[in-house]
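Fold and contact review
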Amino acid sequence: MIAISMLVAPTLFAAEAREWEDRTGSFRVAAELVEADRKHVKLRRTDGTVIVVPITKLSHADGRYLSSLREAKPAAPVLTLVENGQPTSVIVTNGRPNESQITAAAELQEHIRIMSGATLPIAKENELEPDPARALILVGESNLSRTYGVVTKTLEPETFVIKTLPNVLILAGEDGGGKGNARTGTLWAVYDLLQDQLGCRWIWPGETGRRVPRRECIQLPALDICETPVVKIRHFRLLAQDKHRFGYEREGIGRFLDLGETYDQVAEDERVWYRRMRLGKSFPLSAGHAFTDWWEKHKDSAPDIFALQPDGKRRPRSGSHPDFVKMCVSNPKLWELQLAPLQNRAQQGERGLWVNACENDGSGGFCTCQRCRLWDAAPPANSMARPPVEDGSEVDGAPRDSELPESLSDRYARWYNELAVRARQFDPDVRVVAYAYSRYRAPPTGVERLEPNVWIGYVGFNAYPRPDSYRQLSADEWLGWSQLGATVFLRSNSLFYCGEGAPYVVSHQMAEDLQFQVQNGMRATDYDALQGYWAATGPTYYVLARMLWDTDADVDEVLNEFYESFGPLQEVAKDFYDYWEAFTVDLGNNEAYFGQSRTDRLRAYPTIYNAAVFLKAEAILSRGKHLVRDASDEERERFRNIELGLQHGRLLAAALEDGKTSSGAAGTQLMQFRRDIAPRNVINVYWTTSKEKRYRVLE
Ligand SMILES: [Zn+2]
């Protein structure tokens, strides 16, 4: 099931025996290191037996020992791409490169130029002039790459290969991308090389977030890498794209901020960052509330498919929210209506269809008919009410339907199974996609198993920081669904509730939960939504994006990549974000914060983010004052973003103290500040201003 192969040529060692320790400190072994790749070490114990241990299981001290060995013995270079600032290689594509292969060649050329000053030429293989003095960098599959045995079409989606041969570097991957997915393996090969071999980092969008180490010579050791992402859909919903501009305009955000050129640039920066972090999709997954327009469409022709209300009528609970109408899920007529259009498509030869069984939003109005109620089970013992932010359903805060059990998961699971069995009759590759959400979030207790083609989007792990009890509950629920046989994917609102634009850091909690999810079957994510609080939450975003690809990376090592980008200010940056992480995690145990709705959380900001809290953070940053002169211009600009992020937090808290973020002296100052920092990717000022309107703290 684990579909990753990591064939980095292992480094061989002839080291002394030493004591190795696991991360928990409870296991120790005296052994000598035989070899190591990026993921595992092979150790020979004193009795001669050889064991293989994942690097993530080793203590941090052992990790540092491995790094020191690697630094002491860099692998011998076998290929020179640039020498003394002059190109000694040429980038070669096939005769008709597709869009992502063109991007891959351009990205490689651009980063190498920034790194060394050398502009590598880009040529199509059929126009290539022979020059034996130049190494060939084959980008994407081509006739040439095939002569070296590299064929990408048969690889799993998004898989890439990096391979050195005499005077040749191959960077190629599965590029079968089409509408709705990003199967751009060749581009992933380029980013992997730039990141893991050449030290490039993209810690946030835009130029200040890009770190490209400078060197006059670019050489590579022998490489033979093949990677397939474990997580097939690695997705953050973005909030500064063209499609959002209309919403911002309609809300009047243009009164405060430039929705023209600056907006376009920030949107492009966000897209490019998403791509460089290798977020994307191996295949499209169509989910989302499935029946939002069904009331209007079917209320006259098929009223029985809708939920029966306690008053005996089948209808939406609230007239103002027909899109929240619930379905009578035990009604075969509903199943027929869902499956008929898919059956038609299957008859046209389509395979691998998705049945969307994601119930509409809202926590009320569920069916009270006898047949649905017969499908219900007793409530699970561990079910507990969640605060409004945590269950993600604050949009519909109306009281529960008291006559129904708290958990309706059994009726929903039975419905998913009925659909799965029926749909397989016309498409053996069909999958049913549904949410574990709202009143059907906890795993069912009376259903023995879920059909293997059911995909459950668990809408949990929603808000961070999380008290331990909630983390445990979410983990138990996740395991419950996956042990019943469903493929569980994460449909989390965690980034949506991740702070309001003051420093807010939850890197370790989110990374640990991600690793738990991946270890327990998670193959797709859909994080709603990336708020773009780069200077306030940046390390958390970076860790999450990086670890969606490198799922067993060590969170502290990934954080170090982030902090290293600050050069001599590295320690200060780390202390600053560590301080805020401790502060944020504490909020998770603070009822006055965690138990509140989002609006109340916002209103509590001036108390939570008080003068004393900011003073400590400023004291940390002030330690950077005498280090700044040793920093490069880029490192200084990066550090400046941290300072601006802190300042944004202070101005926000001051404006909220006043009640509104857009008026009064404090609000006016805040909006002016947002105009100034908009292009720097400190904070996505458009989103945060729009969100304040939504939560009624903006006039
Ligand atoms: Zn019913």
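So, how was this worked out
Residues numbered from 1 in each chain as written. Predicted model: local features only at pLDDT ≥ 70, side-chain atom pairs only at ≥ 80, totals over all residues. Helix = DSSP H or I, 4+ residues; strand = E, 2+ residues; numbered from the N terminus. Buried ≥ 20, exposed ≤ 12 C-beta atoms within 10 Å, placed from the backbone. Contact = placed C-beta atoms within 7 Å. Domains from an automatic or database assignment. Axes fitted to C-alpha atoms, helices over the stretch in contact; angles between N-to-C directions. Parallel < 35°, antiparallel > 145°, perpendicular 65-115°, else oblique. Left-handed = near helix turned anticlockwise from the far one by under 90°. Nonpolar A, V, L, I, M, F, W, Y, C, P; charged D, E, K, R; others polar. Bend = angle between axes of the 7 residues up to and from the residue. Pairing = 2+ DSSP bridges.

Let's shift gears to the overall build of the protein chain. On a plain count of helices and strands, the protein chain comes out with 22 helices and 23 strands. In terms of overall dimensions, the protein chain has C-alpha extents of about 80 × 65 × 60 Å along its principal axes. Taken over 699 residues, the protein chain has a buried fraction of 44%. For the protein chain, the proportion of contacts with a sequence separation of at least 24, taken over those separated by at least 6, is 75%.

What follows is about the domain arrangement of the protein chain. The domains assigned to the protein chain are domain 1 (11-72), domain 2 (77-228), domain 3 (294-492) and domain 4 (561-694). Just the C-alpha atoms count here: the centres of domain 1 and domain 2 sit 32 Å apart.

Our focus in this paragraph is the packing of helix α13 (residues 534-549) against helix α14 (residues 555-564). In the contact formed by α13 and α14, the axes pass within 9 Å of each other and the chain directions differ by 120°. The pairing of α13 with α14 is recorded here as oblique in orientation. Between α13 and α14 lies a crossing whose hand is right-handed. Residues P539, Y542, V543, R546 and M547 of α13 pack against V555, V558, L559 and F562 of α14. Residues that form the contact of α13 with α14 fall into these classes: 8 nonpolar, no polar and 1 charged.

So, on to α13. Helix geometry: α13 is bent most strongly at T540, by close to 35°. In terms of burial, α13 is largely enclosed, as 16 of its 16 residues are buried.

On to the packing of helix α19 (residues 611-622) against helix α20 (residues 633-657), then. Remark: α19 packs on α20, axes separated minimally by 11 Å, with the N-to-C direction vectors making an angle of 165°. Classed by the angle they form, the pair α19 and α20 counts as roughly antiparallel. With respect to the hand of their crossing, α19 and α20 are arranged in left-handed fashion. Contacts between α19 and α20 involve F614, A617 and L621 on the former and, on the latter, I642, E643, L646 and R650. Split into classes, the residues belonging to the contact of α19 with α20 amount to 5 nonpolar, no polar and 2 charged.

Here the focus is the pairing of strand β16 (residues 224-227). Alternating residues of β16 divide into I225 and E227, all buried, and D224 and C226, none buried. For strand β11 (residues 160-165) and β16, the ladder comprises 4 bridges, and the chain directions are antiparallel. Paired with V161 across the two strands is C226, which belongs to β16.

As a further point, take the sheet that holds strand β7 (residues 86-87). Strand order in the open sheet made by the 3 strands is β7-β6-β15, with antiparallel pairing throughout. Of all the strands in the sheet, just β7 and β15 (218-221) have a single pairing partner and so form its edges.

Strand pairing in a sheet takes place through backbone hydrogen bonds and is either antiparallel or parallel in direction. On the basis of which strands lie adjacent, the open sheet formed by 6 strands has the order β9-β8-β10-β12-β11-β16 and mixed pairing. Every other strand in the sheet has two partners, leaving β9 (122-124) and β16 as the edge strands with one partner each. The sheet shows a mean angle of 20° between the axes of neighbouring strands, direction not considered. Seen against the sheet, helix α2 (residues 99-116) touches β8 (89-93), β9 and β10 (135-139) and runs at an angle of roughly 170° to β8. The strands touched by helix α4 (residues 185-197) within the sheet are β10, β11, β12 (168-173) and β16, with β12 carrying the most contacts at an inclination of about 130°.

Tracing the chain through its elements places L495 in the loop between β22 (487-492) and α12 (507-519). C-alpha separation for the pair L495 and Q109, spaced 386 residues apart in sequence, amounts to 33 Å. Excluding residues within four positions of it along the chain, L495 makes contact with F236, Y527, D528, A529, L530 and Q531.

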